[in-house]
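# Structural description and commentary
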Amino acid sequence: MASSLKHWDVEDKAFWESTGKKIANRNLWISIPNLFLGFAVWIYWGMVAKYIQQLHLYNTELFNFTFMNDEKPYYAVTPTGEIGSEDAYRALMYLLPAVAGLSGATMRVAHSFMVSISGGRNVKFMTTLLLIIPALGAGIALQSSDTPFWMFVILATLSGIGGGAFASSMSNISFFFPKRMQGLALGLNAGIGNLGVSAMQFLIPWIITFGAFGGLGGEPYEYMQSDGSIGQMWIQNAGLVWVPILAATSLLAFLFMNNLPFHKCGPTPVAVGKYLWLSVLALVGAAAGVVLLLIPWGDFPKLLKTVLIVLVAVPVTLALMRFLTPKETKDNLKGQFGIFKMKHNWVMTYLYTMTFGSFIGYASAFPKLIDDVFGVYRVGELAGEPTGMSSAAFIWIGAGVGALIRPVGGWLADKFGGARVTQWDTIVMIAATVGAGYYVSLAMKSEEPQQYFVPFLLLFILLFATTGIGNGSTFRMIGVIFTKDVRGPVLGFTSAIAAYGAYLIPMFFAEQIKADTPQYALYGFAFYYATCLIMNWWFYARKNAEIKC
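## Let's talk about helix α4 (residues 95–118)
- Taking 1.5 Å per residue, 24 residues should reach 34 Å; α4 reaches 32 Å between its end C-alpha atoms and fits that length.
- The largest bend along α4 reaches roughly 35° and is located at S112.
- Burial analysis of α4 places 24 of its 24 residues in the buried class, which makes it a mostly covered element.

## Regarding the pairing of strand β4 (residues 230–233)
- Side chains G231 and M233 of β4 all project onto a buried face; the interleaved residues I230 and Q232 project onto a face where none is buried.
- Bridging between strand β3 (residues 221–224) and β4 involves four bridges; their strand directions are antiparallel. Bridge assignment links Y223 to a residue of β4, and that residue is G231.

## Let's talk about unusual backbone geometry
- Even without glycine at this site, F63 takes up a positive phi of about 50°.
- Here F63 lies in the loop between α2 (45–58) and β1 (66–68).
- When its relative accessible area of 0% is taken as the criterion, F63 is described as buried.
- Positive phi is not limited to glycine here, since D516 has a value of about 60°.

## Digging into helix α18 (residues 453–481)
- Given a rise of 1.5 Å per residue, 29 residues ought to cover 42 Å, and the 41 Å separating the end C-alpha atoms of α18 matches this to within 8%.
- In terms of burial, α18 is largely enclosed, as 24 of its 29 residues are buried.

## A closer look at the environment of T433
- When you line up the elements, T433 lands in helix α17 (residues 418–445).
- With 29 residues separating them along the chain, T433 and L462 place their C-alpha atoms 9.1 Å apart.
- Leaving out residues up to four positions away in the same chain, T433 has contacts with Y362, L463, L522, F525, A526 and Y529.

## So, the state of the cysteines
- Tallying each qualifying case throughout the model produces zero disulfides.
- Here C532 is not cross-linked by a disulfide; its sulfur's nearest cysteine counterpart is in C549, at 14 Å.
- The class of C532 is buried, set by a relative accessible area of 0%.
- For C549, a relative accessible area of 12% translates into the label buried.

## Describing the packing of aromatic side chains
- The tally for this structure, following the rule as stated, stands at 42 aromatic pairs.
- Stacked on the ring of F254, the Lys or Arg R121 has its end atom at 4.3 Å from the ring centre.
- Positioned above the aromatic ring of F475 is the side chain of R406, whose terminal nitrogen or guanidinium carbon lies 5.1 Å from the ring centre.

Conventions and cut-offs
- Residues numbered from 1 in each chain as written.
- Predicted model: local features only at pLDDT ≥ 70, side-chain atom pairs only at ≥ 80, totals over all residues.
- Heavy atoms only, no water.
- Helix = DSSP H or I, 4+ residues; strand = E, 2+ residues; numbered from the N terminus.
- Expected span 1.5 Å × (residues − 1).
- Bend = angle between axes of the 7 residues up to and from the residue.
- Buried < 20%, exposed > 50% of the residue type's maximum accessible area, 1.4 Å probe, protein only.
- Pairing = 2+ DSSP bridges.
- Contact = heavy atoms within 4.5 Å.
- Disulfide = S-S within 2.5 Å.
- Phe/Tyr/Trp six-rings, centres within 6.5 Å; stacked < 30°, edge-to-face > 60°.
- Lys NZ or Arg CZ within 6 Å of the ring centre and 35° of its normal.

Given below as structure tokens:
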């Protein structure tokens, strides 16, 4: 079959029924597993950090990282064997999911515009193919506890390729379905794609318990299990397990997906070349942000530094794309950059960050947050009994609920209107966030924090559910507000900025963990949600709103 279609008009009902529906559904159902894997490889650094920390706190000679923060060497154990700060090590490990989040969000800036330049099919199969590099690299690096921290930072940065996939995937699928069906189609693509986070959180605790790859997988590490016994862990399997699956799904995309006629991508080799060049530029932008994150800023406020890095990474990436691409690509991008003059592009970016940014940020930080608040191991008690429970049985639930319920958000928005669904969803979101923060504050003050775990978990699952419903409803709003010629770039750009939640939320938690006040991070997020509630009501939900959607 031809990879590039000659005609496409899904608003023509006759064309849709005779030809379009079959092609659209095929592209959707191949897009979904590719996006699923993109999320899995992008967000697995929260799980990797959790298990690295667990191995280190059992045996401080394992993954004995040294690192420079703003004031002094940043370590759990010095090279001479002096025990340092457990909170410093825990905060350090949040950097891995944060770096992956920063990179993935920055990659989305480029992916927002890639489909019209390189074609949806070409972008999808190349993105999945390139993810083999960080997955295989992590599998090799984790086989040695002497691997330096900077190597994991590089691999986490490369994993951002999977984060970028969402922007191009959603932009691409939006063109395959008529407006009346976009809420459900985008909800399925994003919802099941997002499920890659939950599936990864479920799979990794199991796959690391045995030598799944034989001699190629390396030797296991010993660690203390929650019952006090000594177990074996193949942490390297957290990366290796994705390699064969990525190879298979990238092949499916290459063989069975399509480019659309109004995307002037040219022959496949040319399109791939444009894709690779834009990816390199985006990685340079991501690297600029990562370097700024890692180098000392003296006495500059750390939370402000965290936010300013985003304000550097995005313009750098856009400037590189604008001035370091061939003329044909520049002309294409120049037209698409017109979205930055549209007020509602910025309003919807702000609102969508509340939903997807929260989902991906919480999913990235959740594995370590449970351990850090409710306790698994403590420095100083390494030779004694473990102080907490195994979190592996719980960490996948929240992201799973958020992902599975996202199509429901799209369906509700189709039926009742996106702004109305978003408004009620945000109210519940604020209440769940404040409630979760309250139970975290009780746990941090208690000698038995586990007693507060169940209400915290239930509230966090509710919080994940609201992020999922809001994901679907806000994307439906974008589909209604914007015309076809700008809808793709707007969908991509809003998702790119929202993806910085995978960077910001772990960083905010890291700072508050060091201060023993992680609940303050949650209270801050609730305040932001309140501003979103007001903004959504003013522009879209009130009686005389500018746009009823």
